[in-house]
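# Tertiary structure, described
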Amino acid sequence: NRSPLPLSYVWFQLDQNLGVATVMTRLSRLGFIDLNNYTHLIMVDGRYSSISKKQKQNIALWVNNGGVLVTSQSAASWAENLCFSPNDCDSEAAKAPVEEATKAIPYGDFDDQRAKRIIGGAIVRATVDPTHPIAYGYDDEMPLFRKGSTLLKNSSNAFSTPVSYAQEPLISGYIGEQRLNEMRGQAAVIAERRGKGVVIRFANNPIFRGFWSGTERLWVNALYFGPLIRNTELP
């Protein structure tokens, strides 16, 4: 992981606030753990490129058999490429789009360009589907604390997005125009049924430093109500 801090937020929320004993492990030990002994796997912001195709297949199989996978930020992006079917884990190089030639930018503009792309911390407006189990107890709109620039790949299932960024999301703070336009109407939380289990992806960390308590319930709902999410594929 990039930092032990995201993991400490999870530990504190579970152990200190919810009274749930938590098993924590290093990524290098993941392949030696029998996931069938666990109901939930929580993955925080970090680097997961070292996870092999076989491990991805094992996690996907565990989810299909009833496991609840809860991910946030870069882990949520990583979870978009789990091996639920043989084609899901094809070579990334084979699926990579052709990139356009990079336009030259003056060296002196680097700091300004970087500031426009980083979301250091802002309050944004989100629309909520209060009928969804993940959004239980919420109204149809809520403020989120937004840090980082993770964007979720939209689900093909129209019933799998309990929280989305509003078309005019910024309430307070600074977000560069490019990032703001990318966020408009995009999913902030996606919860998809996979077999008997579920994969829940948070674009941001809903328990960041334990100070934005308004989104803590979303995360707790993901743990306890995630298994209640039904198969919503239309015939």
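What counts as what
- Counting restarts for each chain, with residues numbered from 1 along the sequence as it is written.
- Confidence filtering applies because this is a predicted model: local features only for residues at pLDDT of at least 70, side-chain atom pairs given and counted only at 80 or more, and all residues used for totals across whole chains, interfaces and linings.
- Side-chain numbers here rest on the full set of heavy atoms in the structure, without hydrogens or water.
- Residues enter patches when their relative accessible area tops 30% and they take part in no salt bridge; the joining distance is 9 Å for like charges and 5 Å for the nonpolar side chains Val, Leu, Ile, Met, Phe, Trp and Tyr.
- Computed with a 1.4 Å probe, the accessible areas rest on the Shrake-Rupley method; for each residue, only the protein chains presented here act as cover.
- Within this document, salt bridges are pairs made up of a side-chain nitrogen of Lys or Arg and a carboxyl oxygen of Asp or Glu, the two lying within 4 Å of each other.
- Helix and strand definitions follow DSSP, with helices as H or I runs of at least four residues and strands as E runs of at least two, each counted in order from the N terminus.
- Burial status follows relative accessibility: with a 1.4 Å probe on protein chains alone, a residue under 20% of its type maximum counts as buried, one over 50% as exposed, and anything between as partly exposed.
- Centres within 6.5 Å make a pair out of two Phe, Tyr or Trp rings, where for Trp the six-membered ring is used; the pair is then stacked when the planes are under 30 degrees apart, edge-to-face when over 60, and tilted otherwise.
- The criterion is that NZ of a Lys, or CZ of an Arg, lies within 6 Å of the ring centre and within 35 degrees of the ring normal, and then a charge sits over that ring.

## Some words on a nonpolar patch on the surface
- Nonpolar side chains collect at one region of the surface, where Trp-11, Phe-12 and Met-24 lie side by side and expose about 290 Å² of accessible area between them.
- With respect to the element layout, Phe-12 can be found in helix α1 (residues 5–17).
- Accessibility expressed as a relative area gives 43% for Phe-12, which makes it partly exposed.

## So, the packing of aromatic side chains
- For the structure on display, the rule yields six aromatic pairs.
- Between Tyr-136 and Phe-225, the aromatic rings sit 5.5 Å apart at their centres with planes inclined by 90°, giving edge-to-face as the arrangement. Within this pair, whereas Tyr-136 is found in the loop between β3 (122–128) and β4 (141–146), its partner Phe-225 is found in helix α7 (residues 216–225), the two being separated by 89 residues in sequence.
- An aromatic cluster of at least three residues, connected via ring pairs, comprises Tyr-9, Phe-145, Phe-208 and Trp-212.
- Of note, Arg-194 hangs over the ring of Phe-84, and the distance from its end group to the ring centre comes to 4.4 Å.

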